[in-house]
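Listed below, chain by chain, are the residues.
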2 protein chains.
Amino acid sequence: MSLEPGKQLLGGPLAVVHLGLDNLIDGARAAGAPVHVVDFVPPARGDRALAACLRSLLMPPLAAAIDAANQAALERILASQPHLVGVGVARDVVPGMAADLFLHAGPPITWDRMAGPLRGAVVGGLLLEGRAGTPAEAEGLAASGAVRFEPCHHHAAVGPMAGLITPSMPVWILEDRGPDGVGRRTFCTLNEGLGNVLRYGAYGDEVLTRLRFIADTLAPLLARTLERRGPIDLKSLVGQALQMGDEGHNRNRAATSLLFRELAPALVSAGPGVDVVRALDFIHRNDHFFLNLSMPMAKCMLLAAEGQPRSSLVTVMARNGTDFGIQLASTPGRWFVGPAQPVKGLYFPGFTERDAGLDLGDSAITETAGLGACAMAAAPAIVQFVGGSAEDALATTREMGRITVGRNPAFAVPALGFAGTPTGIDVRRVLELNLLPVINTGIAHREPGVGQVGAGLTHPPWECFAAALRALGESCNDMARSNPGPRL
Amino acid sequence: MSLEPGKQLLGGPLAVVHLGLDNLIDGARAAGAPVHVVDFVPPARGDRALAACLRSLLMPPLAAAIDAANQAALERILASQPHLVGVGVARDVVPGMAADLFLHAGPPITWDRMAGPLRGAVVGGLLLEGRAGTPAEAEGLAASGAVRFEPCHHHAAVGPMAGLITPSMPVWILEDRGPDGVGRRTFCTLNEGLGNVLRYGAYGDEVLTRLRFIADTLAPLLARTLERRGPIDLKSLVGQALQMGDEGHNRNRAATSLLFRELAPALVSAGPGVDVVRALDFIHRNDHFFLNLSMPMAKCMLLAAEGQPRSSLVTVMARNGTDFGIQLASTPGRWFVGPAQPVKGLYFPGFTERDAGLDLGDSAITETAGLGACAMAAAPAIVQFVGGSAEDALATTREMGRITVGRNPAFAVPALGFAGTPTGIDVRRVLELNLLPVINTGIAHREPGVGQVGAGLTHPPWECFAAALRALGESCNDMARSNPGPRL
């Protein structure tokens, strides 16, 4: 529990509030005094070298320079104006995409280390691309090195769960229309819906048939729709959705509904009628349809902050099902990695924790941009999906406020007096308070070919933040040594 | 303020908590003691005869019989399952509708006593029906008795603000598909949108042109759409909308979005294309489109409770801009009337309280059914529209819980741990606690022909509830005298 000043913990003539090793207080216990033990962990979990590094980054002369860098990075995030501008095919529009390249969620990983759900998605991708005729053939091909694997994040793209993007897949195209956003584009596949889907590692006929419908019918229709309609301001749409019970990660019903309203009139004119009905029906049946826009919107905002020297702001949090990686605004492209964690949550009937794969997907980009768990106070109904109570939802947003550098006024939370969501995770605060970001997420089955088994909450591994802080400490202290001039 | 047991009001050696006439405490004030005056009003506002009547209804032998009657009435409300089944023309489908009949909001009223906005709507209705060529001619006709006026509520219909239903207007048709709902149908016009609209008393060309588009294009298309699609379960849809920031009266963005999703696929097939695009665009541009379904849904639920002997449950609250009328479940069709009240709220730029008409419309049927102000805790963002804070929204729902007999589990509020909205206003509790229902509402300009000037909160007049209680007291005490048998 947390101890608040002035809070009366216990009544009675003698009461002990103890902070430290538990057995030191046995004497008081034996004397019959009520003992309240405060769960305390020293900054940086007591790692002395790391704590010294942390101190150097939280005190003069570096603290002010890092704070200023973070403020500049945050301002660029807030100034970003991601718009949905079109739909294209990955090999044509995603920068650096190639015929032998598969993109995946999280930090870099090789086939031999891939978790079940990601392997399943790769198998499905090879079947979809017509490069293998059977799952066994696909596995052999993947293991042979005939396909290259790279993170989506290396290509301004993001993908939920397995996050697989193969060359023939259609992708949403987003563009930053903010004052400083010229040329900044991000990408994500179209959401497949619920049930057996590639992103959770399923690759049956049903999965491939649906992916072909998306590529052959839905995506071209949506491309024509957006040409007719013009760009859609996603930040404004998400701002509205946060007033309608979404948090932009695991609850997307409002944003999906608002997007549906925005698209439908132009979609009808982009006909033919039979495709229009099928497309509207497909979108209508999937309350998570907007997730694949919420994610590249978040990525677009965070790209704006990249390359800010000395900034301790986290710009990427992503998982491949084996590793969890983060990046900092000051060192774009450099991964700090730790082991992917299990997810605590609610399971679909017939499944338990034993079926669960580890934390997976690029979707934690939403938390990185102030959505998801950071916006949970906007979405009390989410607790039906991930567990907990409505009070927990408020508490989570407040807690994220302790490790972030500011708030995003475009994402106002009515239940918190219209305060913006906490935005911009500061790796220093995470280690100082030993408070890891919360992540709302789905849970994939640990084996390839199965699919989603539940949803819940998790944390990144502490190791990512420790490694990031060490790297920041080295570069900042190097800078301070090489340029000891006026203190910023 | 309300005094809670065990709450410490003031510290210090001497403190006075005073309940009663203010000047009695001047001595303590002069002595320098801190004085906290509790704002106390005796039950039934100190009206001795009414208080005696109230006591008789809150004590044996009547209390238990009334409680049981209210529980039975509430159960019928909760069992009701209003579905949207079609669209028709008022003269063809509304029971008792006639060529010379105009329906209006609130209790019965004659032309000479009608408020400006209702007069404006009547003028517009006569122009729309082609019975007058100019506003002046229409006013003469209305005054001449050539048109009969009756409340919507006398015809199982409801109308927002002026609530005008003329014979040629299209109406939504709702049907109760609950186990006990056979044959129960309710009706409401299609929402016109914002700006200059008939329901706020405007009658210019723009208003009439829009009404003709609704009658000639939108309504027939929606009728065909519903024939193709089949009935829509409105209670389930509103239940979802309450998890998305709606309260079902002054905020309908979520329900409108969900309805849009439900309608669009079938609407496209009901073509022709040019009308489909126009219809989708019309609905998309009006976040209040669903209000005209929320209201007849509420009416449908409350009709189920009508005719329950001894029940003190309120089944109608409605205003015509001059009078406010309520009805009880035990005496269907009998109005208890008091003066319509001013509305406290936020005004559109260029308007102030001086422009405002009094409280108007049948839309308080939503509060009567546990929506609107009763559901405000579900819609913290509503405070941007009606004033106040997010905490006020929670407090309002909690307060309504003090004067209602139960909760509707179909309308769960995430922020209150998924408790249902307080449902079924008990006229006894209103008078016992001197706590009038809160009503969320729009504000019409006081003059005919202008339109909406703001939105806010109001209360019914106390007189309605006093009159209803007296009537209930008479009939219950009569029953008790004529049948003094076993106490229920």
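Residues numbered from 1 in each chain as written. Chains lettered and ligands numbered in written order. Predicted model: local features only at pLDDT ≥ 70, side-chain atom pairs only at ≥ 80, totals over all residues. Heavy atoms only, no water.

For the rest of this paragraph, the subject is the interface of chain A and chain B. Across the boundary between the two partners, chain A contributes 33 residues, which contact 32 residues of chain B. Roughly 2700 Å² of surface becomes buried between chain A and chain B when both sides are summed, with 63% attributable to carbon and sulfur atoms. Here chain A and chain B share two salt bridges between them. With a shortest N-O distance of 2.8 Å, D287(A) and R261(B) are connected by a salt bridge. Connecting chain A to chain B are ten residue pairs in polar contact (both at pLDDT 80 or more). Of all elements in the fold, only α9 (253-269), α10 (273-284), α13 (383-386) and α14 (390-400) of chain A reach the threshold of two or more residues within the side of chain A that touches chain B. Looking at the side of chain A that touches chain B, the element that brings in the most residues is α9(A), giving twelve residues. A breakdown of the residues in the side of chain A that touches chain B according to their chemical character gives 18 nonpolar, eight polar and seven charged. (Contact = heavy atoms within 4.5 Å. Buried area = accessible area lost by both parts, 1.4 Å probe. Salt bridge = Lys/Arg side-chain N within 4 Å of Asp/Glu carboxyl O. Polar contact = N/O pair within 3.5 Å; in protein donor to acceptor, adjacent residues only side chain to side chain. Helix = DSSP H or I, 4+ residues; strand = E, 2+ residues; numbered from the N terminus. Nonpolar A, V, L, I, M, F, W, Y, C, P; charged D, E, K, R; others polar.)

Attention now goes to the packing of aromatic side chains. If you walk through the whole model with that rule in mind, you get seven aromatic pairs over all chains. Taking the centre distance of 5.9 Å and the plane angle of 80° together, the rings of W172(B) and F289(B) count as edge-to-face. Placement of W172(B) in strand β6 (residues 170-176) and of F289(B) in the loop between α10 (273-284) and α11 (291-303) is noted, with a sequence separation of 117 residues between them. F289(B) carries the same exposure label as W172(B), and that label is buried. The ring of W111(A) has R119(A) lying over it, and the distance from NZ or CZ to the ring centre is 4.4 Å. (Phe/Tyr/Trp six-rings, centres within 6.5 Å; stacked < 30°, edge-to-face > 60°. Buried < 20%, exposed > 50% of the residue type's maximum accessible area, 1.4 Å probe, protein only. Lys NZ or Arg CZ within 6 Å of the ring centre and 35° of its normal.)

Attention now moves to the side chain of D426(B). Residue and element names in this part refer to chain B. Inspection of the secondary structure assignment puts D426 in the loop between β15 (419-425) and α15 (427-433). Judged by relative accessible area, which is 1%, D426 ranks as buried. Polar contacts involving the side chain of D426 include one to the side chain of S312, which spans 2.6 Å. When sequence neighbours within four positions are dropped, the list of residues in contact with D426 reads N70, S312, I403, T404 and V405.

Looking now at the relation of the copies chain A and chain B. Applying a rotation about an axis and a shift along it to one chain copy brings it onto the other copy. Note on the copies: chain A fits chain B at an RMSD of 0.0 Å, the axial shift is 0.0 Å, and the rotation between them is 180°. As the rotation angle and translation indicate, the two copies are arranged about a two-fold axis. Proximity to the rotation axis, assessed at the C-alpha, singles out M244(A) in chain A; its C-alpha lies 2.0 Å from the axis. Both copies present the same face, since 97% of the interface residues in chain A are matched by interface residues at the equivalent positions in chain B. (Least-squares fit on C-alpha atoms with pLDDT ≥ 70 in both.)

Next up on the list: the sheet that holds strand β6 (residues 170-176) of chain A. Residue and element names in this part refer to chain A. Ordered by their spatial adjacency, four strands build an open sheet running β7-β6-β3-β8, and the pairing between neighbours is antiparallel. Each end of this open sheet is capped by a strand with a single partner; those strands are β7 (185-189) and β8 (232-233). Across seven bridges, the pairing between strand β3 (residues 82-89) and β6 is antiparallel. What sits directly across from V87, in β6, is W172. Against the sheet, helix α7 (residues 205-229) contacts β3, β6 and β8, and its axis sits at roughly 140° relative to β3. (Pairing = 2+ DSSP bridges. Axes fitted to C-alpha atoms, helices over the stretch in contact; angles between N-to-C directions.)

With that settled, consider unusual backbone geometry. Note: most peptide bonds trans; most residues except glycine with negative phi. All names here are of chain A. Following P60, the chain continues to P61 via a peptide bond in cis, the omega torsion being 5°. The phi dihedral of A156 falls on the positive side, at around 55°, and the residue is not glycine. For A156, the location among the structural elements is in the loop between β5 (148-151) and β6. One non-glycine residue with positive phi stands out, namely F418, at about 65°. By secondary structure assignment, the location of F418 is in the loop between β14 (404-413) and β15 (419-425).

It is possible for side chains bearing opposite charge to pair when their charged atoms get close. Residues and elements named next belong to chain A. Tallied over the entire structure, the rule returns 36 salt bridges over all chains. As a salt-bridge pair, D323 and R113 come within 2.8 Å of each other at their nearest N and O atoms. Taken together, the residues span a long stretch of sequence, with D323 in strand β10 (residues 323-328) and R113 in the loop between β4 (101-104) and α5 (116-128) at a distance of 210 residues. Under the relative-accessibility criterion, D323 is labelled buried at 10%. The class of R113 is partly exposed, set by a relative accessible area of 39%. In this structure, D426 and R428 form a salt bridge, with 2.9 Å as the shortest nitrogen-oxygen distance. Just as D426 is buried, R428 falls in that class too.

Turning our eyes to something else, we now look at the state of the cysteines. One pass over the structure, following the stated rule, counts zero disulfides over all chains. In this structure C374(A) is not part of a disulfide, and its nearest cysteine sulfur, from C464(A), lies 16 Å away. For C464(B), which is in no disulfide, the shortest distance to another cysteine sulfur is to C53(B) and amounts to 16 Å. Overall, the relative accessible area of 0% leaves C464(B) in the buried class. (Disulfide = S-S within 2.5 Å.)

All right, on to helix α16 (residues 462-482) of chain B then. Taking 1.5 Å per residue as the helical rise, α16(B) with its 21 residues ought to reach 30 Å, and the 30 Å between its terminal C-alpha atoms agrees with that figure. Three or more residues of α16(B) are buried, namely W462(B), C464(B), F465(B), A466(B), A468(B), L469(B), A471(B), L472(B), G473(B) and C476(B). (Expected span 1.5 Å × (residues − 1).)

Turning next to the sheet that holds strand β7 (residues 185-189) of chain B. Residue and element names in this part refer to chain B. Sheet architecture is open: four strands sit in the order β7-β6-β3-β8, paired in antiparallel fashion. Single-partner strands in this sheet number two, and they are β7 and β8 (232-233). On top of the sheet, α11 reaches β3 (82-89), β6 and β7; it is set at about 155° to β7, its chief contact.

As a further point, take the pairing of strand β14 (residues 404-413) of chain B. Residues and elements named next belong to chain B. One ladder, built from six bridges, connects β14 with β15; its direction is antiparallel. Note that in β15 the partner of V413 across the bridge is A419. What sits between the antiparallel neighbours β14 and β15 is a turn of five residues, in which G417 has the positive phi angle 65°.

This part covers the domain arrangement of chain A. Many descriptions give the size of an interface as the accessible area lost when the pieces come together. All names here are of chain A. Per the domain assignment, the segments making up chain A are domain 1 (1-40), domain 2 (48-77 + 306-482) and domain 3 (81-298). Contacts between domain 2 and domain 3 engage 55 residues on the former and 48 residues on the latter. Here domain 2 packs against domain 3, burying approximately 3600 Å² in sum over the two surfaces, 63% of which is carbon and sulfur. Together, N320, W335 and D362 form the three largest contributors to the area buried by domain 2 at its contact with domain 3, with a combined 17%. Counting across the interface, domain 2 meets domain 3 through one salt bridge. If you look at where domain 2 meets domain 3, you find 17 residue pairs in polar contact (both at pLDDT 80 or more). By residue number, the principal contributor to the side of domain 2 that touches domain 3 is strand β16 (residues 439-444), which donates six residues. (Domains from an automatic or database assignment.)

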